[in-house]
Amino acid sequence: MARPPIRFQLNPGLDRQALSKAYRTQGWVQADNLFVPDVAEQLYEVLEKYTPWHLAVHQDGGKPRLLSQNDWRTLAPGDLEALMRDATARAGAGFSYVYMCYPMIDAYVQGRDAGHPLHSLTEFLNSEAMLSFARDVSGHEDVVKIDAQATFYRPGDFLTLHDDRDKGQRLAAYTLGFSRNWRPDWGGQLMFHTLSNDIERGFIPRFNTMTLFRVPTLHSVAPVAPYARNPRLSVTGWLRNDPPVK
């Protein structure tokens, strides 16, 4: 992709002290206008127009299955529909998901899609500029890397209840939202749940907003309504303390 490189820059007006206080008090915080406007606009364009999306489907036994566009074409007739149907049926009884994604870390490490702007985002997320911001806000001085995947939820896509628990290496979870002009009745909210099965808080998809929350936290992504007109675009992942990939 012949595109000029994105010169990443965090919004210099971000109040790290206030964000950190909110995170410590609530267990979550939202940082609006995370990037300077030009960077946010470029990332939106990349996600909306130039990302080679894969289909992420939860399979029986817990293993994710990622299907590239080429994978879709090679499936036998009816197999894709069966995968989607099975994942949706599992959602009625437990953890499951269906959404589009771009596996940023795997693609970067494996050298796929050379020159894609999301590779430069992966590098920025793991730069000292972003790592220091993450440490300052979360209070986790041992954050050594930030992993990531880009996501695109189409009408009907969902992610059911879970808490991101993973052997202590995931210190906090985050989403970077790049959804424009989202209506609340379009669904797609990031929802936090209580142990008594109530919804404690829900966040509408927003543009250029980072949501950071503790691990473990019970949460889900509400299904996107069939009449939603705009794409639900985001980059999601975790702040981690396991060694960076060499």
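Before reading further, recall that the structure is shown in the block above.
What comes next concerns the included structure. For every chain, the first residue of its written sequence is number 1, and the numbers climb from 1 along that sequence. Side-chain atom pairs in this predicted model are given and counted only at pLDDT of 80 or more, local residue features only at pLDDT of at least 70, and totals for whole chains, interfaces and linings cover all residues. Note: side-chain values were computed over all heavy atoms of the structure, leaving out hydrogens and water.

### A look at the overall build of the protein chain
Here comes step 1: Elements are defined by DSSP. Helices are runs of H or I of four residues or more, strands are runs of E of two residues or more, and each kind is numbered from the N terminus. Along its length, the protein chain carries 7 helices and 13 strands.
Here comes step 2: Computed over C-alpha atoms, the radius of gyration of the protein chain comes to 18 Å, within 12% of the 18 Å expected from 2.2 N^0.38 for 246 residues, which places it in the range of a compact globule.
Here comes step 3: Principal axes of the C-alpha set define a box for the protein chain whose edges measure 55 × 50 × 35 Å.
Here comes step 4: The buried label applies to any residue whose accessible area, calculated with a 1.4 Å probe on protein chains only, is under 20% of its type's maximum; exposed applies above 50%, and partly exposed to all values in between. Expressed as a percentage of the 246 residues in the protein chain, the buried residues total 48%.
Here comes step 5: Sequence separation of 24 or more characterises 78% of the internal contacts of the protein chain that already satisfy a separation of 6 or more. C-alpha atoms define the radius of gyration in this analysis, and the globule rule sets the expected value at 2.2 Å times the number of residues to the power 0.38. Note on contacts: a residue pair qualifies if any of its non-hydrogen atoms lie within 4.5 Å across the two residues.

### What to know about the nonpolar core
Side chains of nonpolar character tend, in soluble globular proteins, to be buried together.
Here comes step 1: For this analysis, a nonpolar core means a set of buried residues of the types Ala, Val, Leu, Ile, Met, Phe, Trp, Tyr and Cys, connected via side-chain atoms within 4.5 Å. Counting 53 residues, the largest nonpolar core has Leu 34, Phe 35 and Tyr 174 as its most contacted members.
Here comes step 2: Looking at this core, the element that brings in the most residues is helix α2 (residues 37-49), giving 6 residues.
Here comes step 3: Filtering out sequence-adjacent residues up to four positions away, Tyr 174 remains in contact with Leu 125, Ile 146, Asp 147, Ala 148, Met 210, Thr 211, Leu 212, Val 235, Thr 236, Gly 237, Trp 238 and Leu 239.
Here comes step 4: One finds Tyr 97, Trp 182, Val 221 and Val 224 within the second-largest nonpolar core, a separate group that totals 11 residues.

### Focus on the environment of Phe 95
Here comes step 1: By secondary structure assignment, the location of Phe 95 is in the loop between α4 (79-91) and β4 (97-102).
Here comes step 2: C-alpha separation for the pair Phe 95 and Leu 159, spaced 64 residues apart in sequence, amounts to 7.8 Å.
Here comes step 3: In contact with Phe 95, other than residues within four places in its own chain, are His 58, Leu 159, Thr 160, Leu 161 and His 162.

### Observations concerning the pairing of strand β6 (residues 149-153)
Here comes step 1: Between any two strands, pairing holds if DSSP finds at least two bridges. Direction of pairing for β4 relative to β6: antiparallel, over a ladder of 3 bridges. Pairing of Cys 101 across the sheet is with Thr 151, part of β6.
Here comes step 2: Direction of pairing for β6 relative to strand β13 (residues 232-240): antiparallel, over a ladder of 5 bridges. Bridge pairing in β13 places Gln 149 opposite Thr 236.

### Comments concerning the pattern of salt bridges
Here comes step 1: Any Lys or Arg side-chain nitrogen located within 4 Å of an Asp or Glu carboxyl oxygen qualifies as a salt bridge. Inspection of the entire model under this criterion finds 9 salt bridges.
Here comes step 2: Taking the shortest distance from any N to any O, the salt bridge between Asp 136 and Arg 16 comes out at 2.8 Å. Linking Asp 136 in helix α7 (residues 128-138) with Arg 16 in helix α1 (residues 16-26), this pair joins segments that are 120 residues apart in sequence.
Here comes step 3: Accessibility expressed as a relative area gives 38% for Asp 136, which makes it partly exposed.
Here comes step 4: Two residues, Asp 242 and Lys 145, come together in a salt bridge whose shortest N-O distance is 3.7 Å. Pair noted here: Asp 242 is in the segment after β13 and Lys 145 is in strand β5 (residues 145-146), with a separation of 97 residues, a long-range link.
Here comes step 5: What makes Asp 242 buried here is its relative accessible area of 12%.
Here comes step 6: One network of salt bridges, in which partners are shared, links Lys 145, Asp 147, Arg 240 and Asp 242.

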